[in-house]
Amino acid sequence: MIKPALSSCAAALLICAALLAPRQAGAESPAPGGSSGGTLNGYTWMDSDNANKLSFLLGVECGLAMEMALGQEQAKVTGAPAALSPFQRGWTAAFDNTPRQAIVDRLDAFYTAHPSQKDRHVFDVLWKEMLVPALPARS
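Structure report, in brief. (Residues numbered from 1 in each chain as written. Predicted model: local features only at pLDDT ≥ 70, side-chain atom pairs only at ≥ 80, totals over all residues. Heavy atoms only, no water.)

Observations regarding the overall build of the protein chain
Looking only at helices and strands, one finds 6 helices and 0 strands in the protein chain. Starting at the N terminus, the α and β elements of the protein chain follow one another as α-α-α-α-α-α. When burial is assessed residue by residue, the protein chain has 29% of its 139 residues classed as buried. In the protein chain, once contacts between residues fewer than 6 apart in sequence are set aside, the share between residues at least 24 apart is 65%. Here the protein chain has roughly 8500 Å² of accessible surface; of this, 59% comes from carbon and sulfur atoms. (Helix = DSSP H or I, 4+ residues; strand = E, 2+ residues; numbered from the N terminus. Buried < 20%, exposed > 50% of the residue type's maximum accessible area, 1.4 Å probe, protein only. Contact = heavy atoms within 4.5 Å. Areas by Shrake-Rupley, 256 points an atom, 1.4 Å probe, with all protein chains shown as cover.)

Written as structure tokens, this is what we have:
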């Protein structure tokens, strides 16, 4: 049961990577400091269509599901409870029951409000601007 699910998640991640890959050689270059060599930064994000953005987030969610499934399988072997990674905890805290379109809208709003930060990777923005602030403070 887990192997087909993991294969589907891996396939979704590869498809998402292909959808957001840089355009063919010879395409017009972005502004200085913009996207280069397949970096998923704000320039690439804002230049992508909405379907690709949604597909990227689906890929992230599949990766998280894969990580969780592997953790649960390891927990069966070790007998220890499965621990969520900091990224999983942050994602759950920030986006639990949030539609993907709302996450796309938040990323779009960030890059629109901070045009000088379009060189930041999408995962950097997700982590530092959305996930970490949503994590409960540790005492």
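Regarding the nonpolar core
Core analysis: the biggest nonpolar cluster contains 19 residues, and W91, F95, L107, V122 and L126 have the highest contact counts within it. Counting residues per element, the ones that place at least two in this core are α3 (50-78), α4 (86-95), α5 (100-113) and α6 (122-134). Residues within four places of W91 in sequence aside, it is in contact with L57, V60, E61, L64, D96, I103, L126 and L131. (Core = buried A, V, L, I, M, F, W, Y, C linked by side-chain atoms within 4.5 Å.)

Topic: the packing of aromatic side chains
Scanning the model with the defined rule gives 7 aromatic pairs in all. Taking the centre distance of 6.1 Å and the plane angle of 65 degrees together, the rings of F87 and F123 count as edge-to-face. Taken as a pair, F87 in helix α4 and F123 in helix α6 lie far apart in primary sequence, 36 residues in all. Through a chain of ring-to-ring contacts, the aromatic side chains of W45, F56, F87, W91, F95, F123 and W127 assemble into a single cluster. (Phe/Tyr/Trp six-rings, centres within 6.5 Å; stacked < 30°, edge-to-face > 60°.)

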